There are 2 protein chains.
Amino acid sequence: VPIELTLARRAIRMSAPLHPETGSAIPFDSGYASPQAFPDLTELAQRALTAYRNESLQYGAPMGLPALRDAISSYMRDDGAAVSPDEILVVDGAKQGIDLICRLLTEEGDGVVVTAPTYFSAIPILCSFGLEFIEVTQDDEGIDVAMLAQLLQERQRNGMPEPKFIYNVPDFHNPTGITMSRRRREQLLDLAARRQIPIVEDSPYRKLRFEGTAEPSLKALDSNGLVFGLGTFSKLMCPGLRVGWICTTKELLERMARLKSDGGTCPLTQRIIAEFLQGGSLPGHLQRAQRIYSSHRDAMVAALRRELPGVEYIVPQGGYYLWLRFRDGVDTNVLAARAFERGVSVIGGNVFFAGGTDSYSAQHDLPKQYIRLAYSYAAPEQIDEGVKLLAAAYYSMR
Amino acid sequence: VPIELTLARRAIRMSAPLHPETGSAIPFDSGYASPQAFPDLTELAQRALTAYRNESLQYGAPMGLPALRDAISSYMRDDGAAVSPDEILVVDGAKQGIDLICRLLTEEGDGVVVTAPTYFSAIPILCSFGLEFIEVTQDDEGIDVAMLAQLLQERQRNGMPEPKFIYNVPDFHNPTGITMSRRRREQLLDLAARRQIPIVEDSPYRKLRFEGTAEPSLKALDSNGLVFGLGTFSKLMCPGLRVGWICTTKELLERMARLKSDGGTCPLTQRIIAEFLQGGSLPGHLQRAQRIYSSHRDAMVAALRRELPGVEYIVPQGGYYLWLRFRDGVDTNVLAARAFERGVSVIGGNVFFAGGTDSYSAQHDLPKQYIRLAYSYAAPEQIDEGVKLLAAAYYSMR
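The numbers attached to residues start from 1 for each chain and follow its sequence in the written order. The order in which chains are written sets their letters, starting at A; the order in which ligands are written sets their numbers, starting at 1. The model is predicted, so local features are restricted to residues of pLDDT at least 70 and side-chain atom pairs to those at 80 or more, both for listing and for counting; the totals for chains, interfaces and linings are taken over all residues. Remark: hydrogens and water are excluded; side-chain values derive from all non-hydrogen atoms of the structure.

A. Highlighting the overall build of chain A. The helix and strand labels rest on DSSP assignments: H or I over at least four residues marks a helix, E over at least two residues marks a strand, and numbering proceeds from the N terminus. Scanning chain A for helices and strands turns up 16 helices and 14 strands. Radius of gyration here is computed from C-alpha atoms only, and the compact-globule reference equals 2.2 Å multiplied by the residue count raised to the power 0.38. Taken over C-alpha atoms, the radius of gyration comes to 21 Å for chain A, in line with the 21 Å a tight globule of 398 residues would show. Once the C-alpha set of chain A is aligned to its principal axes, its extents read approximately 65 × 60 × 55 Å. Taking all 398 residues of chain A together, the buried fraction comes to 63%. Contacts: residue pairs with any heavy atoms within 4.5 Å of one another. Restricting the contact set of chain A to residue pairs at least 6 apart, pairs at least 24 apart contribute 75%. Only the protein chains shown count as cover for residues, and all accessible areas are computed by the Shrake-Rupley method using a 1.4 Å probe. Entry remark: accessible area of chain A is about 14,700 Å², with carbon and sulfur atoms responsible for 48%. Buried residues are those whose accessible area, probed at 1.4 Å on protein chains only, stays under 20% of the maximum for their type, while exposed residues exceed 50% and partly exposed ones sit between those limits.

Below, the structure is given as structure tokens:
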């Protein structure tokens, strides 16, 4: 007789199935990077395994490889945020960063602010900590700070504590593609400072800008130590390296390092990245990646204009995604299933909304109106065909 | 004015400083691997970055690389445990495995059984989940199952729930070097089955056996699905790869994969390991590692016999450590500080005992009687010198 185990509440909450395989369908569901955009790392790996052999194959420092922390610090400074190497903790990707910030700050039942919709991989992490979601919508300047201020006032009137943090993707938001305006960033920082609520700035796509001018990061504008910055090399170089970072104060990072029970982030991949950055390869690589993803976006937008002229979306100036809104009563989660039958994999709105049944998003029936299309991974020649298949599935439902 | 944050209880519990740097001291404190025992991975890394480029640089499968799960399954079968690839979850080292099992099974305040002493890196992980320790001593056959049975009965009489799991290192235990006898393994499994308590078998050193015959693993003897097996390539190959595994049922592994918020274990290092295993390099590599660590152990034992003839220890048949007992009232935590001043870094008993002030170990004053010496990392020529410095520090305290 096999043992009967009582599972932890957090494990029971995580009941959603793992994301299924796309199989042979055209992969508009996938936030995978384009293999065309992968850098050649063969020489750097050789160097890491020869010149740095004893370091790359040994346990690494709990806070991360000093050379990499230096290089990340330079990168952040070039991006306008005066972050010293001491203010950087290397982690196993930005998702581990979210996890560590939850470990540092939250107890079961605490509130956390998210956009509606939000990054779908953040939702199960926040759920596993038993957090309650405070959903805030966005307009084309980003998260609706007036709505957030009102929700926080209501909570205060009801005697509820402040949320533990505001989670947001300010640049080329996943899934909407929206970039926060400068004014909105300042409003968000002001509100957070007045209420002493930290902000988690998750900004993987920031450097994948195809046109227009970047706004300063929240971290760069932050004069009150409010912002936990999250970075990742998944979009700057490639996802397989599994390295990201958190920036905040040294003291908080050391606490998070103690909660980071993984034996340290891989020193081999850290060294490969440090060599890549120190060798000056990042700017050229990013230019190439921008060209590739920009052409993917253009191909998808052209196909959508032709095949689905009625659908609403913002054309993002960067990032990986288009966020389509169908206002005609078609349930996008059914549409996603029908599209998959025809050979294109897309993600229906459901998984991007954190709230429960009485949430803002559910009350306004948002999850049924949207689908996310990723143009990152599909090859350009697949994009046209995939949009045609999606359109055919859509018209079959009307 | 910087923001004032309320930290989570788990973050406040983790108040111990990170392990300090050894600096130029002879490193008997360190469970680092010997650089002499590192494999040459340059060719396998090239193959991973060329033939498997699109897989190694992309996001990986949540459960781990199929080729690696196959290879681990073969390894487990060769070791006597019929574990299918479905019953293996690849993780970022065995410490992440402990963390995931805690996420799966435990709530704050739950009990967990550990040996006194136990693996010191497990203690903060278990602490961060707010677990209460049930400490059990060992004799030369391993964990004292009669004592454990008695403690569990007492808890039952007091209306306390069963502990959530029994954590143990049955082969070349860290820090004691003890290997459980076959009889004791069967007794532990019997007790766990009667009480339906899972066992976490953490066995990093199992293949670093220098002489004598291995006992079957707990996983191999387990006919009731009681055992969560934890493995790691840190000791089989080298620590820098940051890859380990958990084996239990497919259903529990899928739940843990959902709680593993790291974006998947690094596909590049997974492929390097899969190629190493599939290429048949492991047995020869392990023979070389056994010879190296065996000679380190012999050098340390010879030096101890000469320099510290009164000290008690078991000579282990494998692993990384010697666990010295001083019965003459010398406080080993003071001894560790004195030894460090003289140029050799060792770890005093304190950090190996999980229990609080009313614990078994504290009542019997165990933390002050022991130090752990690692012979793994120090070069053979340092071992003799290091033991001399330790002996000098010891005699200066008498």
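What follows continues from the structure just given.
B. Focus on the environment of tyrosine 119 of chain A. Residue and element names in this part refer to chain A. Inspection of the secondary structure assignment puts tyrosine 119 in the loop between strand S3 (111–115) and helix H6 (122–128). A residue is classified by how much of its surface remains accessible, and tyrosine 119, at 15% relative accessible area, is buried. Considering only alpha carbons, one finds tyrosine 119 and leucine 131, twelve residues apart in sequence, at a separation of 16 Å. If near-sequence neighbours (up to four positions away) are discounted, tyrosine 119 is found in contact with Lys95, Tyr167, Asn174 and Asp202.

C. Structural context of the relation of the copies chain A and chain B. Of the transformation superimposing chain A on chain B, the axial component is 0.0 Å and the angular component is 180°, with the fit at an RMSD of 0.0 Å. What the superposition gives is, in effect, a two-fold axis relating one chain to the other. No C-alpha of chain A approaches the rotation axis more nearly than that of alanine 45 of chain A, which lies at 3.5 Å. Taken as a fraction of all interface residues of chain A, those also at the interface in chain B reach 100%, which identifies the copy contact as same-surface. The least-squares superposition of copies is restricted to C-alpha atoms, and to residues with a pLDDT of at least 70 in both copies.

D. Fine view of the interface of chain A and chain B. Counting from both sides, the interface comprises 81 residues of chain A and, opposite them, 81 residues of chain B. A buried area of about 6,700 Å², summed over both sides, lies between chain A and chain B, and 59% of it is on carbon and sulfur atoms. Salt bridges, as used here, are contacts in which a Lys or Arg side-chain nitrogen is within 4 Å of a carboxyl oxygen on Asp or Glu. Counting across the chain A and chain B interface gives four salt bridges. For the salt bridge of arginine 9 of chain A with glutamate 107 of chain B, the shortest nitrogen-to-oxygen distance reads 3.3 Å. Throughout this description, a polar contact denotes any pair of N or O atoms lying within 3.5 Å of each other; where both atoms belong to protein, one of them has to be capable of donating a hydrogen while the other can accept it, and for residues adjacent in sequence the pair is counted only when both atoms sit in side chains. Linking chain A with chain B are 42 residue pairs in polar contact (both at pLDDT 80 or more). Accessible area, probed at 1.4 Å, shrinks when two parts are joined; the buried area is that loss added up over both.

E. A look at the packing of aromatic side chains. Residue and element names in this part refer to chain A. Classification of ring pairs uses Phe, Tyr and Trp, with its six-membered ring standing for Trp, and accepts pairs whose centres are within 6.5 Å; under 30 degrees between planes counts as stacked, over 60 as edge-to-face, and the remaining range as tilted. The tally for this structure, following the rule as stated, stands at 32 aromatic pairs over all chains. Look at tryptophan 323 and phenylalanine 353: their rings are 6.3 Å apart centre to centre, the planes differ by 40°, and that puts the pair in the tilted class. Pair noted here: tryptophan 323 is in strand S11 (residues 321–325) and phenylalanine 353 is in the loop between strand S13 (347–348) and helix H15 (360–363), with a separation of 30 residues, a long-range link. Each member of the pair tryptophan 323 and phenylalanine 353 is classed as buried. Each member of the aromatic cluster is reached from another via a ring pair, and the members are Tyr119, Phe120, Trp323, Phe352, Phe353 and Tyr370. The rule is short: NZ of Lys or CZ of Arg within 6 Å of the ring centre and within 35 degrees of the ring normal puts a charge over the ring. A cation over an aromatic ring shows up here: arginine 271 above the ring of tyrosine 52, its NZ or CZ 3.6 Å from the ring centre.

F. Here's a closer look at unusual backbone geometry. Omega for the bond connecting asparagine 174 of chain A with proline 175 of chain A falls within 30 degrees of zero, at 15°, which places this linkage in the cis form. Inspection of the secondary structure assignment puts proline 175 of chain A in the loop between strand S7 (166–168) and helix H8 (182–195). Look at the link from alanine 116 of chain B to proline 117 of chain B: it is a cis peptide, with omega at 10°. Relative to the elements of secondary structure, proline 117 of chain B occurs in the loop between strand S3 (111–115) and helix H6 (122–128).

G. The pattern of salt bridges, seen in detail. Using the criterion set out here, one finds 58 salt bridges over all chains in the structure. Where aspartate 99 of chain B meets arginine 103 of chain B, a salt bridge forms, and the shortest distance between an N and an O atom there is 2.9 Å. Highlighted residues: aspartate 99 of chain B and arginine 103 of chain B, both in helix H5 (residues 94–105), separated by four residues, approximately one helical turn. Given the relative accessible area of 6%, arginine 103 of chain B is considered buried. Taken together, the salt bridges that share partners define one network made up of Asp79, Asp171, Arg185, Arg206 and Lys207 of chain A.

H. Focus on the sheet that holds strand S13 (residues 347–348) of chain B. Residue and element names in this part refer to chain B. Judged by pairing direction, the sheet is antiparallel, and its three strands sit side by side in the order S11-S14-S13 without closing on themselves. Edge positions in the sheet fall to strand S11 (321–325) and S13, since each has one partner strand and no second. Axis definition: a line fit to C-alpha positions, over the contact stretch in the case of helices; interaxial angles, taken between N-to-C directions, run 0 to 180 degrees. Here helix H13 (residues 282–307) sits on the sheet in contact with S11 and strand S14 (370–374), set at roughly 20° to S11. The pairing criterion for strands is at least two bridges between them, as found by DSSP.

I. Focus on the state of the cysteines. Working definition: a disulfide is two cysteine sulfur atoms within 2.5 Å of each other. With the rule as written, the count across this model stands at zero disulfides over all chains. Not part of a disulfide, cysteine 127 of chain A finds its nearest cysteine sulfur in cysteine 102 of chain A, a span of 10 Å.

J. Representation of the sheet that holds S11 of chain A within the structure. All names here are of chain A. Overall, antiparallel pairing links the three strands, which are arranged S11-S14-S13 in an open sheet. Across the chains shown, the open sheet's two edge strands, defined by having one partner strand only, are S11 and S13. Summarising the sheet, S11 and strand S14 (residues 370–374) pair through five bridges and their orientation is antiparallel. Looking at the pairing, leucine 322 lines up with leucine 373 of S14. The strands that helix H13 (residues 282–307) touches are S11 and S14; relative to S11, the one it contacts most, it runs at about 20°.

K. View of the environment of valine 330 of chain B. Residues and elements named next belong to chain B. Within the secondary structure, valine 330 sits in the loop between S11 and helix H14 (332–342). Sequence-wise, valine 330 and glutamine 369 are 39 residues apart; in three dimensions their C-alpha atoms are separated by 7.2 Å. Beyond its immediate chain neighbours, meaning those up to four positions away, valine 330 contacts Leu335, Lys368, Tyr394, Met397 and Arg398.

L. The arrangement of the pairing of strand S9 (residues 227–232) of chain B in detail. All names here are of chain B. Most of S9 sits out of view: six of its six residues are buried. A two-sided burial pattern is seen for S9, the buried positions comprising Val227, Gly229 and Gly231 on one face and Phe228, Leu230 and Thr232 on the other. As defined by bridge partners, S9 adjoins strand S10 (residues 244–247) across four bridges and the pair is classed as antiparallel. What sits directly across from threonine 232, in S10, is glycine 244.

M. Local environment of helix H5 (residues 94–105) of chain A. Residue and element names in this part refer to chain A. Compared with an ideal rise of 1.5 Å per residue, which puts twelve residues at 16 Å, H5 spans 17 Å between its outermost C-alpha atoms and is within 8% of the ideal. With respect to burial, H5 is a largely interior element, twelve of its twelve residues being buried. All of the buried residues along H5 are Ala94, Lys95, Gln96, Gly97, Ile98, Asp99, Leu100, Ile101, Cys102, Arg103, Leu104 and Leu105. Working rule for helices: expected span equals 1.5 Å times residues minus one.

N. Main features of helix H7 (residues 145–157) of chain A. All names here are of chain A. Compared with an ideal rise of 1.5 Å per residue, which puts 13 residues at 18 Å, H7 spans 18 Å between its outermost C-alpha atoms and is within 8% of the ideal. Contacts made by the buried residues of H7 are with S3, strand S4 (132–136), strand S6 (142–143), S7, H8 and H15. The N-terminus of H7 is capped by aspartate 144, whose side-chain oxygen sits 3.2 Å from the backbone nitrogen of alanine 146. Two residues or fewer past H7, glycine 159 is found with a positive phi of approximately 70°.

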